[in-house]
Amino acid sequence: MKWSFIIIVLLLLVGCQSNDGYVIKGELAGAPENEWIYLMDVDQHQYYDSVQLHDGRFEFRGKVNLPELRKIIFYKDPTRRVYGWANILCIPVYVENSEILVSIPFAEMPSKLAKKVPVSLCIEGSGVHDLYQGYIQQIEPLNLKFDGVFDQYRQVYYRGKGSEQDVIKCVKEMDMLRDSIYHCGVDFIRKHGDSPVATYVVNKLAVERYGREEAQRVLELFPSQVRTGEMGEQLEKKLIGKPLYVNDMMPDFLVMDINSNEKKLSECVHKGRYTLVELWASWCGPCRHDIPHLKETYKRFHEKGFDIVSVSIDDEMDKWKSSVSREGMEWTQVCGAKGVKYGKECMQAFGVNAVPSGFLIDPEGKVIDVAARGGWLNMKLIELFGE
């Protein structure tokens, strides 16, 4: 009777732990007293909880249906909650319904600009977070190396401190690193497709670079119960529901030329030639900064069979036309058709949310590169046309 009673009590305790939700207990030694700290979604759009720090400690409580990645946020300057990433301190943590302990000296709490996980950060009590942290530790060296090579690339390409061979060397190395990061993600999904962390990995894959068939292959790595379960619809959308993949035909929609005449984008792209379709805007600094390089590339390869069509997402036509005139771009200039505010339709069709974005179209109208910019564009054109 005595042992039966003990077993019943233990079962009740376990049941309470699984049903009572999560408790996140934090310790930030040296944190300012009475300042606010927040629990937010990973994109910092939703606040789940907020408490004041006392003796460097805080506690969040709640409940999740499924484990999900959230962020513990501290604003050095509460008046700047969107900009100034160096002033936004954050700790990603996978939250599941358990007691989770988070500790780090406040002075070592990483900002949104941080590229490495501090060795002093300790998170215990979430098995899902352990799996997430293992993946982050695996790709962190590759990401750091990529960032280092990209810094070299900016020096040799944008600041002219190297030859074209130096540019291409950087581009090839970054492509290899990007492929390694991609394959790490795919391998993680193969091994842990039943984990919520696999959905996080999917969001980082950039599978559109590898084509629709590859996207379908990755989807099929997930166990059938995951594909048909609560996360199945989200996985399909992220993997095989993107608007555009390498080897797709170029999307087509109405645009307006510099004389305010409407036409289809396909009418601007000449069959039999390779064409860069570039999305840009007059107000976009990086877009304007790229124009001198585009002029050089156009002059170098145009007679060999290369064209450019710049598609502006400007909403103010006068500013767009003024910029086109001032920049003196010789190639075709169009913008989103009337009524398409900020080129929304253009960006949705190409599956991007930022400019500049470049897409290389082959002579049959097929997309062969979804990231055709700078040294990547030049390297591809050299492969196609020679020096």
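Caption draft 1: Summary view of the pairing of strand β9 (residues 254-257). Where β9 and strand β10 (residues 262-264) come together, three bridges link them in antiparallel fashion. The partner of M256 across the bridge, within β10, is E262. In sequence, β9 turns back onto β10 through a hairpin of four residues, with S260 there showing a positive phi of about 70°. Pairing analysis gives three bridges linking β9 to strand β13 (residues 332-336), with the strands arranged antiparallel.

Caption draft 2: Focus on the state of the cysteines. For the structure shown, the criterion picks out one disulfide. Disulfide pairing places C284 opposite C287 at an S-S distance of 2.4 Å. Looking along the S-S bond of the C284-C287 disulfide, the torsion reads about 80°, which is the right-handed sense. Here the two residues C284 and C287 agree in accessibility, since each one is buried. Free of any disulfide, C90 has its nearest neighbouring cysteine sulfur in C122, separated by 18 Å. Cysteine C335 remains unbridged, with the sulfur of C346 as its closest cysteine sulfur at 7.9 Å.

Caption draft 3: Structural context of the packing of aromatic side chains. With the rule as written, the count across this model stands at 19 aromatic pairs. Seen from their ring centres, Y135 and Y200 are 6.5 Å apart, and the 80° between their planes marks the pair as edge-to-face. Taken together, the residues Y135 in helix α2 (residues 127-158) and Y200 in helix α4 (residues 197-203) connect sequence positions 65 residues apart. Here Y135 matches Y200 in class, with each residue buried. Here the aromatic rings of F253 and F350 are separated by 6.1 Å at their centres, their planes lie at 90°, and the arrangement is edge-to-face. Residue F253 is located in the loop between α7 (232-240) and β9, and its partner F350 is located in helix α11 (residues 344-350); the two are separated by 97 residues in the primary sequence. There is no split in this pair, since F253 and F350 are both buried. Members of the aromatic cluster, connected to one another through ring pairs, are Y94, Y132, Y135, F188 and Y200. Over the ring of Y48 we find R70, and its NZ or CZ is 3.5 Å from the ring centre. The ring of W85 carries K112 above its face, with NZ or CZ at 4.3 Å from the centroid.

Caption draft 4: Structural detail: the environment of S282. Among the structural elements, S282 can be located in the loop between β11 (274-280) and α9 (285-305). Here S282 falls in the buried class, since its relative accessible area comes to 11%. Not counting the four nearest positions on each side in its chain, S282 is found in contact with R288, D314, K319, W320 and S323.

Caption draft 5: The sheet that holds strand β5 (residues 68-75), seen in detail. Read across the open sheet, the four strands follow the order β3-β2-β5-β6; overall the sheet is antiparallel. For this open sheet the edge positions go to β3 (47-52) and β6 (88-95), each flanked by a neighbour on one side alone. Averaged over all adjacent pairs, the angle separating strand axes in this sheet is 20°, with direction ignored. In the sheet, strand β2 (residues 36-41) pairs with β3 via five bridges, with the strands oriented antiparallel. Paired with L39 across the strands is D49, a residue of β3. Against the sheet, α2 engages β5 and β6, with an angle of about 120° to β6.

Caption draft 6: Just the environment of G84, in detail. By secondary structure assignment, the location of G84 is in the loop between β5 and β6. G84 gets classed as partly exposed once you look at its relative accessible area, which sits at 21%. Along the chain, G84 and L113 lie 29 residues apart, while their C-alpha atoms are 9.4 Å from each other.

Caption draft 7: Quick look at the packing of helix α5 (residues 212-219) against α7. Where α5 contacts α7, the axes come no closer than 9 Å and their chain directions differ by 155°. Put simply, α5 runs roughly antiparallel to α7. Read as a crossing pair, α5 and α7 show a hand that is right-handed. Touching R212, A215, Q216, V218 and L219 of α5 are L235, E236, L239 and I240, all from α7. The residue inventory of the contact of α5 with α7, partitioned by class, reads six nonpolar, one polar and two charged.

Caption draft 8: Representation of the packing of helix α3 (residues 164-192) against α5 within the structure. Orientation of α3 relative to α5, taken along the N-to-C sense of each, is 35°, at an axis distance of 10 Å. Contacts between α3 and α5 involve Y182, V186, I189 and R190 from the first element and E214, R217 and V218 from the second. Its residues placed into classes, the contact of α3 with α5 shows four nonpolar, no polar and three charged.

Caption draft 9: Examining the sheet that holds β9 more closely. Pairing is mixed in the open sheet, where seven strands are placed in the order β10-β9-β13-β12-β11-β14-β15. Edge positions in the sheet fall to β10 and β15 (367-369), since each of these pairs with one other strand and no more. Taking the axes of each pair of neighbouring strands and ignoring which way they run, one obtains an average angle of 40° across the sheet. When strand β14 (residues 357-361) meets β15, the two strands line up antiparallel, connected through two bridges. Residue pairing for β15: I361 is matched across the bridge by V367. Across the face of the sheet, α9 comes into contact with β11 and β12 (306-312) while running at roughly 150° to β12. Contacts from helix α10 (residues 317-327) reach β9, β11, β12 and β13 within the one sheet, and its direction differs from that of β13 by about 165°.

The rules behind the values
- Residues numbered from 1 in each chain as written.
- Predicted model: local features only at pLDDT ≥ 70, side-chain atom pairs only at ≥ 80, totals over all residues.
- Heavy atoms only, no water.
- Pairing = 2+ DSSP bridges.
- Helix = DSSP H or I, 4+ residues; strand = E, 2+ residues; numbered from the N terminus.
- Disulfide = S-S within 2.5 Å.
- Buried < 20%, exposed > 50% of the residue type's maximum accessible area, 1.4 Å probe, protein only.
- Phe/Tyr/Trp six-rings, centres within 6.5 Å; stacked < 30°, edge-to-face > 60°.
- Lys NZ or Arg CZ within 6 Å of the ring centre and 35° of its normal.
- Contact = heavy atoms within 4.5 Å.
- Axes fitted to C-alpha atoms, helices over the stretch in contact; angles between N-to-C directions.
- Parallel < 35°, antiparallel > 145°, perpendicular 65-115°, else oblique.
- Left-handed = near helix turned anticlockwise from the far one by under 90°.
- Nonpolar A, V, L, I, M, F, W, Y, C, P; charged D, E, K, R; others polar.

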